[in-house]
Amino acid sequence: MEWARSSFFSGTGACLLPLLPATPKSSKSSKPSTLRSSISPDPWSLSDGLNKPKSISKNPKNPLSDDNARRIIKAKARYLSALRRNQGSRAQTPKWIKRTPEQMVRYLHDDRNGHLYGKHVVAAVKTVRALSEKRDGEYDMRTVMSGFVGKLSFREMCVVLKEQKGWRQVRDFFAWMKLQFSYRPSVIVYTIVLRMYGQVGKIKLAEQTFLEMLEAGCEPDEVACGTLLCTYARWGRHNAMLSFYSAVEERGVMPSAAVFNFMLSSLQKKSLHQNVVDLWRKMVYKRVAPNGFTYTVVISSLIKEGCGDEALQTFYKMKNAGFLPEEVTYSLLINFCTKNGSWDEAISLYEDMRSLKIIPSNYTRASLLTLCYRKGDYSKALALFSEMGRYKVAPDEVIYGLLIRIYGKLGLYEDAENTFKEIEHLGLLTDEKTYLAMAQVHLSSGNAEKALNVIELMKNKEIRFSRYAYIVCLQCHVKRRDLDSAEGAFLSLSKTGLPDTGSFNDMLNLYINLNQTEKAKEFTFQIREDLVKCDEELFKTIIRFYCKNGMISETEQFAQEIGGVGSFADNKFVQTFYRIIRGEFKGQEKYEKSIVVPDLFDSMALGLMLTLYLADGSSRNTEYILKLLLETADGLSIASKLIGKFVREGDICKAEALNNHLIRLGCRAEDEAVASLISWYAKGEELDKAEAIFLKADSPLSGKVVFKCMIDAYGKSGRPEDAYSLYRKATEKGHDLGPVTISIIVNALTNGGKHQEAEDIVRKSLQESSELDTVLFNTFIKAMLEAGKLNFAERIYEQMLSLGVAPSIRTFNTMISVYGRGGKLNKAAEMFGTAGGLALPLDEKAYMNLIGFYCKAGERQEASLLFAKMKEEGIKPGKVSYNALINSCASAGWYEEAEEHFQAMQGDCVLPDSFTYLSVIRAYAGCAKFIEAEETLKSMQREGISPSCAHYNHLVSAFAKAGLIREAERVYEEMLENTGSSPDVACHRTMFRGYLDCGCVEKAIGLFEKIREHVGANRFMWSAAIHCYRSAGMTEKAEAALNTMKNEGITFLEDLKLGLQLKV
């Protein structure tokens, strides 16, 4: 920087510039001049009139300064430009313009006729320009310009110099110009040369020219200094520019706002935002008036330098100054507010921009949508999307990505997926962030498979994976519990650098959840060896793993490693472990001497330490930590939750131990914990332990949860009396046990045959309880149905309707049974129709229930029609329905219908079972269809189903009733051969009764004596045998049999009628 050697920057006095020839004053024009120079104008006009010109000197004899000379030249140029525009028939010449005769002679001699330059000036310009076609050194400027010596004035030489297009011609002509007599050093001519050198980047020549100007005694003005500053700025010489500006500032020369703009813009292009901010503050201090471009550049740099508040203040100054901010300015400010979470400020800026009818860019909209997403104001986000639709603005990939995230937050997973497909269809799917946003939405919905499909799609598009992509991929595999894939993703993530704490945490949780204890242990050791900076979540996961597995030494070491780190100094959870472990002496430490303040400890941390010592089996340490825990505000609650947790995990030993410690310390676990223990023992059929837990916890403070669990345990263990007793105790204490527990008690009493107790509970509940739901009413109706209290069951149903409790299909099924057993088939049918009218889905059970009652009542036609209707409704009968229908037909004596349904059953590919054949045989036998019955029995055997005694019994009974005693004997003997075991009492009784009915006394006696050991306490057979003995004259045997009956406590049937007259 040769200019630095000049005395101009060393504090010496300024040199006065030579005078320029005076020029007449020109009138002010409202429009700027349209004169186009051959030198391309600088984007930052150095003569834009931002600074007000000095007033014209009142004394014309005083020499004009360079500033006044420049002002006069420009005014003259504006005048001539306006004059040319006004030429024509309507041209008006200002009246105040007058020429002297000498001026007219000069005007005619030049032959300018209103042109800007004379012919000789134009010729000189063309002559010098023509030299650009020759190489450097091929011409001599003195020879070329020899014809113009003495013809050009200083001002005309300046014109020729300014009109040149090449820097070499400027250099050579300026050298020739300095040899002419009319030449005198001036800051104007040097400024012209500086500008040309600056435009082509000849920094060295520009500096030499500036130094020469100083040596020539020309005092640089703000234009000359600004020109060199712009040159430095244009070509990125920022150090030189800032140094030169400091020198200029020391000399008191103030560049124009346009020069400052050029400098600010150049610094910003190279991201030197701090220099921009410093230069701006100097502008403000020097009170240089900025324009709109200045504000735009400065606001951008302030934001990028982190001075957001100052940027907002500058923005409001810009608006107050009357400048209209550009969209990019609004966008930067809105983005700054988004990052800082300034919701109201961002919305205000956006509304201000829209009020000025400035169309926001997609980047601006994306910034606002990001803020809406972070703040959770999804309605505002959707309003922005709607606005984009109204103005027909096509969203870009970034906005689509934000829309996917918002849909994910709202749980609209299908809409998010459709949006992703739309992006792919439009060809906008190129950014990794969009893929990962969709993958995160799938993860949020719990669909890790779809998330992996999106990542695989990204991989197929050859989009390079970032660290974040590997993190999301790891999360997907962790969600799927795919250990091998998760380890591969974690390894890939490790190759990009040390994984984040969240990934370490995910991987460790996966090992723990898959019960990979050894791998989890090795992984925690690796974390500690790699000196991973744990956050609170990772610390909790590791310490929880150590505590659960009773790893005391590892817990102590890890807590001491982390607790001493400064970032955890104020973390109460970490410090709880750190302080207790530091003050702990293993083995025989007397904890009573430890000085501790429970308020300093975190209760959750104490709970984990309690888990640690329970796993280790250290009773003394456990009780010490438990004491500390119970002194905290929520200590008992945490201890109780630990009991429940141990029960859920199946670790009942720890749950028992902790409960016993609480009892020894005079505390009682919360009801939920006690209830969990009772439920565990009840499921394991250890009712005595459940009772022991209940008795220990039974106190005036016991809540209904404990009573409900114990009642449930009694009910499921087949002890309805104890359940009822406990129910009465709970109600005496004022506990409302709720509909579920009451249903359990009533069901248990009903199944145990305790109908009166069940009825008492039903009546009490109907009178007092307010929580009566459909299930409870169904239980009450069924209980009264089982007890035979049909009228009471009907009243319960009526009360159910009066209370507005909606009946279910089960309610109608039960009521059909109530009316059917009571012989009220019309009401049963009405109930069936009511269920259909309420649009309840009538199931197979409802149809078969009513069909069964029709069959029992002999309503053959109604039963057939209802069965046909069931099939029309699309309800396909199953094996249970067919069996019930065939059995009902058999009971009613409708063998034809039974046969028809049996064939339909086989036609529907429903395989008959033993009960099906039993019903068919019963139907045939009841109607004396012996051949069909025997054929069915054989068919059953062909199908591989072994007949039971009951199958043969129906056929034996039918033959006996028909008097075909030999056929009955044949079937009976066949039964004995095929069953492979002794027939039951029913079969013996049937055959015995057949002999009696046919008068075969001897055979009856023979059969009785043969099966006497299997008769048991059957009163009929003993009494009938005694009558047979008496009829046959076997008095002794009759007396012996009678004595046996008396000894066994069997009542003798004296008036027994044996059908036909007994024949000996």
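No experiment lies behind these values; they were computed from the predicted model shown.

Colleague: Break down the overall build of the protein for me, with residues and values.
Modeller: From N to C terminus, the protein includes 55 helices and zero strands. Out of the 1064 residues belonging to the protein, those deemed buried represent 47%. Taking as baseline every contact in the protein between residues at least 6 positions apart, the subset at least 24 positions apart corresponds to 64%. Taken as a whole, the protein presents about 54,400 Å² of accessible surface, with 50% of it coming from carbon and sulfur.

Colleague: Residues and numbers for the packing of aromatic side chains, please.
Modeller: According to the stated counting rule, one finds 22 aromatic pairs in the structure shown. On the basis of an interplanar angle of 55 degrees and a centroid distance of 5.4 Å, the ring pair of F465 and Y470 is categorised as tilted. What makes Y470 partly exposed here is its relative accessible area of 21%. Aromatic rings pair up to connect F539, F545, Y546, F558 and F573 into one cluster.

Colleague: Any chance you could break down the pattern of salt bridges for me, citing the residues and the numbers?
Modeller: Using the criterion set out here, one finds 24 salt bridges in the structure. Of the charged contacts in the structure, one is a salt bridge between E449 and R480, with a shortest N-O distance of 2.6 Å. Residue E449 is found in helix α22 (residues 448-460), and its partner R480 is found in helix α23 (residues 467-480); the two are separated by 31 residues along the sequence. Across the pair R664 and E623 runs a salt bridge whose closest N-O atoms are separated by 3.8 Å. Of this pair, R664 sits in helix α33 (residues 652-664) while E623 sits in helix α31 (residues 619-630), and the two are 41 residues apart along the sequence. Each of D136, R168, R171 and D172 takes part in a single network of salt bridges with overlapping partners.

Colleague: Break down empty space enclosed by the protein for me, with residues and values.
Modeller: To find the voids left in a structure, one rolls a probe of water-molecule size over its atoms. Per the counting criterion, the structure on display carries two cavities of 30 Å³ or more. Computed from the structure, the second largest cavity encloses a volume of approximately 30 Å³. Taken together, C855, R860, A863, S864, L885, C889, W894, E897 and H901 make up the full set of residues lining the second largest cavity. Only α45 (860-872), α46 (879-892) and α47 (895-907) provide two or more residues apiece to the lining of the second largest cavity. In terms of residues, the lining of the second largest cavity owes the most to one element, α45, which gives three residues. Within the lining of the second largest cavity, the residues separate by chemical class into five nonpolar, two polar and two charged.

Colleague: Any chance you could break down the side chain of H442 for me, citing the residues and the numbers?
Modeller: Tracing the sequence through the fold places H442 in helix α21 (residues 432-444). In this view, H442 contacts E417, N447, K450, A451 and V454; residues no more than four positions away in its chain are not counted.

Colleague: Got a sec to walk through a nonpolar patch on the surface? Specific residues and values, please.
Modeller: A cluster of nonpolar side chains, L382, L410 and L412, forms an exposed patch at the surface whose accessible area comes to about 210 Å². Summarising the element assignment, L410 is placed in the loop between α19 (397-409) and α20 (413-426).

Colleague: Help me get a handle on the confidence of the model for the protein, residues and values and all.
Modeller: Per-residue pLDDT for the protein averages 79, and the proportion of residues at 70 or more is 86%. Low confidence marks residues 10-62, where pLDDT is under 50. Its contacts with residues over four positions away, or in another chain, come to 93 contacts.

Colleague: I'd like a rundown of helix α16 (residues 343-355), residues and numbers included.
Modeller: Given a rise of 1.5 Å per residue, 13 residues ought to cover 18 Å, and the 18 Å separating the end C-alpha atoms of α16 matches this to within 8%. The set of residues buried in α16 consists of W343, A346, I347, L349, Y350, D352, M353 and R354. Check the buried side of α16 and you find it contacts α14 (308-320), α15 (327-340), α17 (362-375) and α18 (378-390). Backbone geometry just after α16 places K357 at a positive phi near 60 degrees.

Colleague: Account for unusual backbone geometry, naming residues and giving values.
Modeller: Here E462, not a glycine, exhibits a phi torsion of approximately 60 degrees, which is positive. If you trace the backbone, E462 turns up in the loop between α22 and α23. Located in the positive-phi region is A928, a residue other than glycine, with phi close to 60 degrees. Locating A928 in the fold gives a position in the loop between α48 (914-926) and α49 (930-942). Judged by its relative accessible area of 44%, A928 falls in the partly exposed class.

Colleague: Quick rundown of the environment of K461? Include the residues and the values.
Modeller: You can see K461 is positioned in the loop between α22 and α23. As a C-alpha pair, K461 and L429 span 32 residues in sequence and 9.8 Å in three-dimensional space.

Colleague: So what about helix α37 (residues 720-732)? Which residues, and what values?
Modeller: Over its 13 residues, α37 extends 18 Å from the first C-alpha to the last, a length consistent with the 18 Å expected when each residue adds 1.5 Å. Buried residues of α37: P720, A723, Y724, L726, Y727 and A730, and no others. Down the axis of α37, the smallest arc covering the buried residues is 165 degrees, so these residues share one side. Along its buried surface, α37 packs onto α35 (687-697), α36 (704-716), α38 (738-751) and α39 (755-768). Just downstream of α37, G734 is the residue with a positive phi angle, here 90 degrees.

Colleague: I'd like a description of the packing of helix α34 (residues 671-683) against α35, backed by residues and values.
Modeller: One can describe the packing of α34 onto α35 by two numbers: an axis separation of 8 Å at closest approach and a directional angle of 165 degrees. One element, α34, and the other, α35, form an angle in the roughly antiparallel class. In the packing of α34 onto α35, the handedness of the crossing is left-handed. For the pair α34 and α35, contact is made by V674, L677, I678 and Y681 and by L687, K689, A690, I693, F694 and A697, respectively.

The rules behind the values
Residues numbered from 1 in each chain as written. Predicted model: local features only at pLDDT ≥ 70, side-chain atom pairs only at ≥ 80, totals over all residues. Heavy atoms only, no water. Helix = DSSP H or I, 4+ residues; strand = E, 2+ residues; numbered from the N terminus. Buried < 20%, exposed > 50% of the residue type's maximum accessible area, 1.4 Å probe, protein only. Contact = heavy atoms within 4.5 Å. Areas by Shrake-Rupley, 256 points an atom, 1.4 Å probe, with all protein chains shown as cover. Phe/Tyr/Trp six-rings, centres within 6.5 Å; stacked < 30°, edge-to-face > 60°. Salt bridge = Lys/Arg side-chain N within 4 Å of Asp/Glu carboxyl O. 1 Å grid on protein atoms, 1.4 Å probe; cavity = no way out; pocket = protein on both sides within 12 Å on 5 of 7 lines; lining within 4 Å. Points joined across faces, edges and corners; volume = space filled by probe spheres on them. Nonpolar A, V, L, I, M, F, W, Y, C, P; charged D, E, K, R; others polar. Patch = residues over 30% accessible without salt bridge, like charges linked within 9 Å, V, L, I, M, F, W, Y side chains within 5 Å. pLDDT = per-residue confidence, 0-100. Expected span 1.5 Å × (residues − 1). Arc of directions from axis to C-beta. Axes fitted to C-alpha atoms, helices over the stretch in contact; angles between N-to-C directions. Parallel < 35°, antiparallel > 145°, perpendicular 65-115°, else oblique. Left-handed = near helix turned anticlockwise from the far one by under 90°.

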